[in-house]
Amino acid sequence: MSGTWAFPLLLLLWGCVCLWPPSPARGALIISLDYVAAQEAQATSRSIKKRSTNNAEVEVYSVTVDCTVASRFAHTVMTSSALNKANSSQEISFEVDLPKTAFITNFSMEIESKFYVGEVKEKEKAKKQYEKAVSSGQTAGLVKASGRKMEKFSVSVNIAAYSNVTFILTYEELLQRTLGHYEILTRIKPKQLVQNFHIVADIYEPQGLEFVDAHGTFLSNELLHPLVEKIVTDTKAHISFSPTIEQQRKCLGCDTTLIDGDFIIKYDVKRAKSLGDIQIVNGYFVHFFSPPDLPRVPKNVVFVIDRSGSMGGIKIVQTREALLAILNDLNEQDHFALITFDDVISPWKSSLSKATQKNLAEAITYVHQIQARSATNINDAVLMGVNMLVEDRNNNRLPERSVDMIILLTDGMPNSGVSSIQMIQENVRNAIGGNMSLYCLGFGNYVDYTFLDVMAKQNKGLARRIYEGSDATLQLQGFYEEVASPLLLDVDLRYPDNTVDFLTTNHFSQLFNGSEIVVAGRMADNDIDTFLVEVFANGFMEDFQVQGQATAMDWDVIYPEQEYIFGDFTERLWAYITIQQLMEKSKSGSEEEKSNATAKALDMSLKYSFVTPLTSMVVTKPETEERPDSTFIADKLTEAQRQQQERQGGYNFLQTVSNSYLTSQTYNTPTYFGTIFNLVRDPTSGILVNGQTIGDKKVAPDGKIITYFGRFGIIHQTLGVRLLVTTQDISVYQDGKLIKLLWSDTGSFKGSNVDLLVTKDCRLTVTLRDSVKFVILLHKVWKKHPYHQDYLGFYTLDSHLLSPSVHGLLGQFYHGIEYEVGNIRQGEVPEKPDATMYVKQQELNVTRGWQRDFRRDVKNGEQVPCWFIHNNGTGLIDGSVTDYIVSGLFKTI
């Protein structure tokens, strides 16, 4: 019998404004007996690092970022040029981070005086090219999630010896005003000293500039400011960051660069008019509305807080901390309520309370006592919040001129009470009836963000992701700060029907302090250069009403010294907003409404060459003597797709130890059946995880037998916790006591040092106090299946909390290895090419394939592309497979 250990590699493109020598495929490592990749919050300590390359053979001699902002609409061109100094051709990669709110509009490459330009196509029409690229072993998806605010665009091309290549990427976005300012963020990581390095931003704001500031995350303000040129007039700002080679050096005489991080420009405009700022340019108009000096409207807010078992550990601590800060920030005119929920709904009080010092002190005491417990009943918890507001409003216990809102925080899926997502959305929408706003905060990667996003937008609110990390408390506080001070309610911006058409949304539920409402539209007649504008809203003490005339402006008069580079910015701004709003409409409503919105958004995306969730940019790499043409696809990620990528990149999991392929003639007892392997061993923290394998009941007709994990033993020696997990039950030993939970029931256990949450026949979450969290999935198989049986999957969360000395079959990959994959070639099966992995000073033969990821779909799994390493992982794992065999589930030898 021969055994094959499967070690799949998921290829994620790395870097920012970077160019690397030969390496057709780079990325984070996924091993079929684990899944090792990077999450943004722990990218430094957990990411799998690329194999080092000889940068001396590729000279990146120019990196420029040129951003032009016209009335908040930013047009950015990122250019990078490199020279292949080697005497042979090699792959050079261009990788850049761009804001996730931006749309790519163009990409081109100049190679030996020839231009190769990307083309925006309907995503479905580009699908065949995408599949062809995947099957040939190429990294077909050029755009990947990159942290919380960014997306990564990557492409590589083979360049002849002593030849140059220039990459040019263009993207556009409407800058959003948040907490009183706009932000231009440029992420720069050139990885080497660059002769010609420039970041230039020109900001044109006819409304007048209130302030302009620039800073970097890679240098203190004291060191950065002398390197930044900033010229600010009343309506224009010019910011330039152009360090010399010497100024880029990390230390005197060294060749490493200190430029590694974000360059951020913040600014705001003057707001002297209550009507706002209206600009008419080339047959389109845009209206920016954020009047100054408005008093805040009191708010009535119900906080609905998930305390289910999955919120245990640091999540519930951070939630408590955020709530305490938020309560202290409430204004005495506000009213508030607290509802915590698991499978039981627990209100602090039966109605809202005024934010007096006495009530706040009592609420703070209550918050200190919130603990994670059991399951997740979102439906009943939100409905209780709605009923509180409705009853208090009906009984005149709330100010007449005030805003009602619910803020829901959850980290999981509804699994108690009403569990149907569609039913919950319908129940909440019917109960709210358009009379209040619902804001949904999804904590972590296992929440269904699309569910929360749709439900929030159905109820005049919005959804926001809260990322697991040390700053989760600040994220929660930051979101609250955005909605803490409503200034106007039911804002209606009106324009003459016979003058303006194709309007973007012009009715808004609220205007918050520090934000801005933007409306754009097309003029019915290009000759019209003035029209009436009216705004109606409800203010704190009285109705808000203002009107005035909008008049076309001549940009050549305002900026006579400038040849304005894109005079159609109002049209493109209008298209940008319209596409985004159509995409939102495509998520809800009738099937016909969703279909119409999607079709319109697609047409506009193609017309204006925007890469949106409905379109793809097809980039064809030029043919060389060594390689034929190859096609890459750049897509726009939805928030749900970003979350899915982060799930794949944020957890380490062990799924299957080995796949043994046998023929019936040679069948005997497989070598590894019943063998116990050490998976994780951290002598510093005292954590030990071992797993015992099981096999199929008998050999299938095709002669294939699969080896699974059937039992896990987990020890935390410092905390005195011992856990045994089988496919039938879970046993926990602590303080001399034995507690047993069954997979057949949903249940939980809360101990002094460990919390357990069991979702029936599905998932076990193990939270160790002040330490890592494990998730074990139960894969159920039909009891009468002739060959297969139930088995377990193991996932490690927060593995960055383990010490550098962690090891084991899985643990050795927690802190990264260096590797590179190249020389992709035809394999034995056409759709499964072979390649060479360079790792640990060895060359390993690997094969392209697919592996099932069961984290979202425990029953069927989701196919992810992988590289399989042969010969029991020899050359990748330390030592040999047999080195990890131990004598018992709780033994180290």
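Just so you know, these numbers come straight off a predicted model, no measurement behind them.

Engineer: Please provide a residue-by-residue account of the pairing of strand β46 (residues 791-797), values included.
Structural biologist: Regular strands place their side chains on alternate faces of the sheet. Burial within β46 is extensive, with seven of its seven residues counted as buried. Residues Tyr791, Gly793, Tyr795 and Leu797 of β46 are buried on one face, and the alternating residues Leu792, Phe794 and Thr796, pointing to the opposite face, are buried as well. For strand β45 (residues 773-779) and β46, the ladder comprises seven bridges, and the chain directions are antiparallel. Of the residues in β46, the one forming a bridge with Val775 is Tyr795.

Engineer: I'd love a proper account of the sheet that holds strand β29 (residues 517-523), names of residues and values included.
Structural biologist: If you walk across this open sheet you meet the four strands as β17-β18-β29-β27, and the pairing is antiparallel. Across the chains shown, the open sheet's two edge strands, defined by having one partner strand only, are β17 (277-281) and β27 (500-501). Pairing between β27 and β29: two bridges, direction antiparallel. Bridge pairing in β29 links Val500 to Met523.

Engineer: Go over the packing of aromatic side chains, please, and point to the residues and values.
Structural biologist: The final tally for this structure, using the stated rule, is 26 aromatic pairs. Between Tyr708 and Tyr791 the ring centres are 4.4 Å apart and the planes differ by 25°, which places this aromatic pair in the stacked class. On the criterion of sequence distance, the pair formed by Tyr708 in strand β38 (residues 704-716) and Tyr791 in strand β46 is long-range, its members being 83 residues apart. Assigned by exposure class, Tyr708 and Tyr791 land together as buried. Consider the rings of Phe774 and Phe794, whose centres lie 5.2 Å apart with planes at 35°: the pair is tilted. A residue pair is termed long-range when its members are at least 10 positions apart, and Phe774 in strand β45 and Phe794 in strand β46 qualify at 20 residues. Taking relative accessible area as the criterion, Phe774 reaches 0% and is therefore assigned buried.

Engineer: For the pattern of salt bridges, give the residues involved together with the corresponding values.
Structural biologist: Per the stated rule, a full pass over the model turns up 36 salt bridges. In this structure, the salt-bridge partner of Asp790 is Lys780, at a minimum N-O distance of 3.4 Å. Of this pair, Asp790 sits in the loop between β45 and β46 while Lys780 is found in the loop between β45 and β46, placing the two residues ten residues apart along the sequence. Taking the relative accessible area as the measure of exposure, Asp790 reaches 17% and is therefore buried.

Engineer: With reference to specific residues and values, describe empty space enclosed by the protein.
Structural biologist: Within the structure shown, the criterion is met by five cavities of 30 Å³ or more. By volume, the largest cavity is sized at about 110 Å³. Along the walls of the largest cavity sit Phe303, Ile305, Thr319, Ala322, Leu323, Ile326, Ile407, Leu409, Leu441, Leu476, Phe479 and Tyr480, which together make up its complete lining. Secondary structure elements with two or more residues in the lining of the largest cavity: β19 (299-306), α5 (314-329), β23 (403-410) and α10 (472-483).

Engineer: I'd like a description of the environment of Tyr795, backed by residues and values.
Structural biologist: With respect to the helices and strands, Tyr795 occurs in strand β46. When its relative accessible area of 1% is taken as the criterion, Tyr795 is described as buried. Separated by 18 residues in sequence, Tyr795 and Leu777 place their C-alpha atoms 8.1 Å apart.

Engineer: Before we move on, can you summarise the nonpolar core with the specific residues and values?
Structural biologist: Among the nonpolar cores identified, the biggest contains 59 residues, and Phe107, Phe153, Phe241, Phe263 and Tyr267 are the most heavily contacted of them. No other element matches the six residues that strand β2 (residues 58-70) contributes to this core. In this structure Phe107 touches Phe94, Tyr116, Val117, Gly118, Phe153, Val155, Phe167, Ile168, Leu169, Met617 and Val619, once residues within four positions along its chain are discounted. Residues Val689, Val754, Val772 and Ile869 belong to the second largest nonpolar core, which totals 46 residues.

Engineer: Please give an account of helix α13 (residues 591-607) that cites residues and values.
Structural biologist: Spanning 17 residues, α13 covers 24 Å between terminal C-alpha atoms, matching the ideal 24 Å at 1.5 Å per step. Turning to α13, its buried residues number three or more, namely Ala597, Ala601, Leu602, Met604 and Ser605. Ser609 sits one or two positions beyond α13 and adopts a positive phi of about 55°.

Engineer: Lay out the state of the cysteines in plain terms, naming residues and giving numbers.
Structural biologist: Taken as a whole, this structure holds one disulfide when the rule is applied. Across a sulfur-sulfur distance of 2.3 Å, Cys251 and Cys254 are joined as a disulfide pair. By relative accessible area, Cys251 is classed as partly exposed at 41%. Residue Cys254 is classed as buried on the basis of its relative accessible area, which comes to 15%.

Engineer: So what's going on with the confidence of the model for the chain? Residues and values would help.
Structural biologist: In the predicted model, the chain carries a mean pLDDT of 81, and the fraction of residues at 70 or more is 82%. Segment residues 1-54 is flagged for pLDDT under 50; beyond a separation of four residues in sequence, or across chains, it makes 245 contacts in the model. A low-confidence stretch, residues 649-671 stays under pLDDT 50, and its non-local contacts, those more than four residues away or across chains, total 94 contacts.

Engineer: Can you explain the sheet that holds strand β11 (residues 182-188)? Please cite residues and give values.
Structural biologist: Across the sheet, which stays open at both edges, the three strands sit in the order β11-β16-β13 with antiparallel pairing between neighbours. If you trace the sheet from one side to the other, it starts and ends with β11 and β13 (209-216), each paired once. Neighbouring strand axes in the sheet, compared pairwise and without regard to direction, differ in orientation by 10° on average. When β13 meets strand β16 (residues 261-269), the two strands line up antiparallel, connected through seven bridges.

Engineer: Lay out the packing of helix α12 (residues 569-585) against α13 in plain terms, naming residues and giving numbers.
Structural biologist: Their axes nearest at 8 Å, the elements α12 and α13 cross at an angle of 155°. Looking at the two axes, α12 sits roughly antiparallel to α13. Crossing geometry of α12 relative to α13 is assigned as left-handed. Here α12 contributes Trp574, Ala575, Thr578, Ile579, Leu582, Met583 and Lys585 to the contact with α13, which in turn contributes Lys594, Ala597, Lys600, Ala601, Met604 and Ser605. Per-class residue counts for the contact of α12 with α13 are eight nonpolar, two polar and three charged.

What counts, and where the lines are drawn
Residues numbered from 1 in each chain as written. Predicted model: local features only at pLDDT ≥ 70, side-chain atom pairs only at ≥ 80, totals over all residues. Heavy atoms only, no water. Buried < 20%, exposed > 50% of the residue type's maximum accessible area, 1.4 Å probe, protein only. Helix = DSSP H or I, 4+ residues; strand = E, 2+ residues; numbered from the N terminus. Pairing = 2+ DSSP bridges. Phe/Tyr/Trp six-rings, centres within 6.5 Å; stacked < 30°, edge-to-face > 60°. Salt bridge = Lys/Arg side-chain N within 4 Å of Asp/Glu carboxyl O. 1 Å grid on protein atoms, 1.4 Å probe; cavity = no way out; pocket = protein on both sides within 12 Å on 5 of 7 lines; lining within 4 Å. Points joined across faces, edges and corners; volume = space filled by probe spheres on them. Core = buried A, V, L, I, M, F, W, Y, C linked by side-chain atoms within 4.5 Å. Contact = heavy atoms within 4.5 Å. Expected span 1.5 Å × (residues − 1). Disulfide = S-S within 2.5 Å. pLDDT = per-residue confidence, 0-100. Axes fitted to C-alpha atoms, helices over the stretch in contact; angles between N-to-C directions. Parallel < 35°, antiparallel > 145°, perpendicular 65-115°, else oblique. Left-handed = near helix turned anticlockwise from the far one by under 90°. Nonpolar A, V, L, I, M, F, W, Y, C, P; charged D, E, K, R; others polar.

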